[in-house]
Amino acid sequence: MAEQLPSLPSTIAAGEIDAEACYRYTVEHQTSQGGFCFYAYRPWGVEEPNAPDTCAATAILGLMERPLPNRERCIAWLRGQQEEDGGYSTFVIGHAALKALRQLGSGPVRNPRPFLTRVAADLGLANVAAEPTRWVSGALRCIELWSDWSLMPGEPMRARIATMLGRLRVGDGGFGASGSSLTETAAAVALDDALGLEVGRDVLAYVGRCERPPFGFNVTPAAVSSDLETQCAGLWLLRRFGAQPKHPGLIRKFVALCQNGSGGFGRTPGSIARLSDSLHALHTLALLVAEEPFEPCQVFP
């Protein structure tokens with residue numbers, strides 16, 4: 001059975017990152033409504049809470065084993081994102097709101113199953129050609145919520161997803177819309193796993209070709225660049241196949257370099273901090289010490 005990710009306190013060596021600064025960064029971006037916004041700045045009256053940032057913030061605080069300020073207000077705000085018919089204005093908002101509520105041990109006011117059924121019906125192959133990368137992440141989020149709400153994907157849905165994944169498979173062992181990448185490969189493998197589809201071990205060989213200095217993981221086998229999402233994806237894939245990272249020290253160093261003066265983490269060293277990137281940073285540290293596979297929905301925001 002998949003395990004829970006280790007909590008953050010068990011993952012950090014002394015001086016590795018400033019955990020307290022990350023905590024302060026997170027709670028400082030809670031708005032007066034209870035939700036979170038990565039660019040919130042109360043002195044200027046900039047408060048625009050959104051569901052994805054709120055979901056990332058609740059996950060960060062969970063990993064850090066720290067309390068959520070204004071918890072009931074946050075839950076009320078998340079519940080307020082649901083429409084009268086049980087749906088949401090977009091699936092991105094619906095997924096983030098439902099996931100955040102689940103992380104908080106709560107749930108929506110209205111049954112979201114009809115909404116989730118409609119979303120699954122929209123996973124048509126026509127959308128793959130237009131936005132294949134977004135399609136994969138959307139399908140993974142859909143399957144995650146179906147599992148949360150005890151819905152079972154039928155054979156037509158499974159067949160559509162299997163066909164799409166076949167189209168995105170690249171000859172080098174990875175997955176991608178216009179050439180393979182580590183992040184797209186991780187999402188595709190997670191989707192395969194969620195549906196019980198077969199995944200070849202040539203994926204692990206692909207990960208190995210991405211695993212090189214100076215960063216620990218590169219975006220593609222041919223690239224010499226990285227970001228926090230790539231680090232997280234590479235480590236999740238290694239854990240998925242029971243493998244260990246070759247360069248854990250380089251990965252830790254990359255994560256530490258992504259923390260900036262705000263206390264949060266940017267996608268790359270020197271980038272503006274965002275809650276989603278901060279969550280990727282903490283997930284990466286947790287993955288470094290995870291001993292067994294775990295649910296992909298715990299890693300992919």
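Residues numbered from 1 in each chain as written. Predicted model: local features only at pLDDT ≥ 70, side-chain atom pairs only at ≥ 80, totals over all residues. Heavy atoms only, no water.

1. With respect to the overall build of the protein
Then, number 1: Assigned secondary structure in the protein consists of 13 helices and two strands.
Then, number 2: The burial tally for the protein puts 50% of its 301 residues in the buried class.
Then, number 3: Total accessible area computed for the protein in this model is approximately 13,000 Å², and 54% of it derives from carbon and sulfur atoms. (Helix = DSSP H or I, 4+ residues; strand = E, 2+ residues; numbered from the N terminus. Buried < 20%, exposed > 50% of the residue type's maximum accessible area, 1.4 Å probe, protein only. Areas by Shrake-Rupley, 256 points an atom, 1.4 Å probe, with all protein chains shown as cover.)

2. Some remarks on the packing of aromatic side chains
Then, number 1: Applying the stated rule across the entire model yields four aromatic pairs.
Then, number 2: On the numbers, 5.2 Å between centres and 90° between planes, the contact of F38 with Y39 is edge-to-face.
Then, number 3: When its relative accessible area of 24% is taken as the criterion, F38 is described as partly exposed.
Then, number 4: Among the aromatic residues, those joined into a ring-pair cluster are Y88, F91 and F115. (Phe/Tyr/Trp six-rings, centres within 6.5 Å; stacked < 30°, edge-to-face > 60°.)

3. Regarding helix 3 (residues 71-79)
Then, number 1: Those residues of helix 3 that sit buried are C74, I75, W77 and L78. Projected down its long axis, helix 3 carries its buried residues within an arc of 160°, all on one side.
Then, number 2: Looking at the packing, one finds that the buried side of helix 3 touches helix 2 (51-63) and helix 4 (91-103). (Arc of directions from axis to C-beta. Contact = heavy atoms within 4.5 Å.)

4. Digging into the confidence of the model for the protein
Then, number 1: Here the protein averages 88 in pLDDT, while 88% of its residues score no lower than 70.
Then, number 2: Ranking the elements of the protein by mean pLDDT puts helix 6 (residues 126-130) last with 51 and helix 3 first with 98. (pLDDT = per-residue confidence, 0-100.)

5. Here we look at the side chain of E211
Then, number 1: For E211, the location among the structural elements is in the loop between helix 10 (202-210) and helix 11 (228-240).
Then, number 2: In this structure, E211 is buried with no salt-bridge partner, the nearest side chain bearing the opposite charge being K246 at 4.6 Å.
Then, number 3: What E211 contacts, discounting residues up to four positions off in sequence, is G216, F217, L238, Q244, P245, K246 and H247. (Lys, Arg positive; Asp, Glu negative; His and termini not counted. Salt bridge = Lys/Arg side-chain N within 4 Å of Asp/Glu carboxyl O.)

6. Re the packing of helix 2 against helix 13 (residues 275-289)
Then, number 1: At their nearest, the axes of helix 2 and helix 13 sit 8 Å apart, and the two run at 30° to each other. Between helix 2 and helix 13, the angle falls in the class roughly parallel. Read as a crossing pair, helix 2 and helix 13 show a hand that is left-handed. Facing D53, A56, A57, A59, I60 and L63 of helix 2, the residues of helix 13 in contact are L275, S276, S278, L279, L282 and H283.
Then, number 2: Per-class residue counts for the contact of helix 2 with helix 13 are eight nonpolar, three polar and one charged. (Axes fitted to C-alpha atoms, helices over the stretch in contact; angles between N-to-C directions. Parallel < 35°, antiparallel > 145°, perpendicular 65-115°, else oblique. Left-handed = near helix turned anticlockwise from the far one by under 90°. Nonpolar A, V, L, I, M, F, W, Y, C, P; charged D, E, K, R; others polar.)

7. Looking at the environment of A281
Then, number 1: With respect to the helices and strands, A281 occurs in helix 13.
Then, number 2: With 27 residues separating them along the chain, A281 and F254 place their C-alpha atoms 9.4 Å apart.
Then, number 3: Apart from residues lying up to four places away in sequence, A281 is in contact with L228, V255 and F265.

8. Regarding the pattern of salt bridges
Then, number 1: Applying the stated criterion to the full structure yields ten salt bridges.
Then, number 2: Note that R66 and E20 form a salt bridge whose closest N and O atoms lie 2.7 Å from each other. Remark: E20 occurs in helix 1 (residues 19-28) and R66 occurs in the loop between helix 2 and helix 3; sequence separation between them is 46 residues.
Then, number 3: Take E20: its relative accessible area is 40%, and that puts it in the partly exposed class.
Then, number 4: A salt bridge links D85 to R118, with the nearest nitrogen and oxygen atoms 4.0 Å apart. In this pair, D85 is assigned in the loop between helix 3 and helix 4 and R118 in helix 5 (residues 113-121), connecting sequence segments 33 residues apart.

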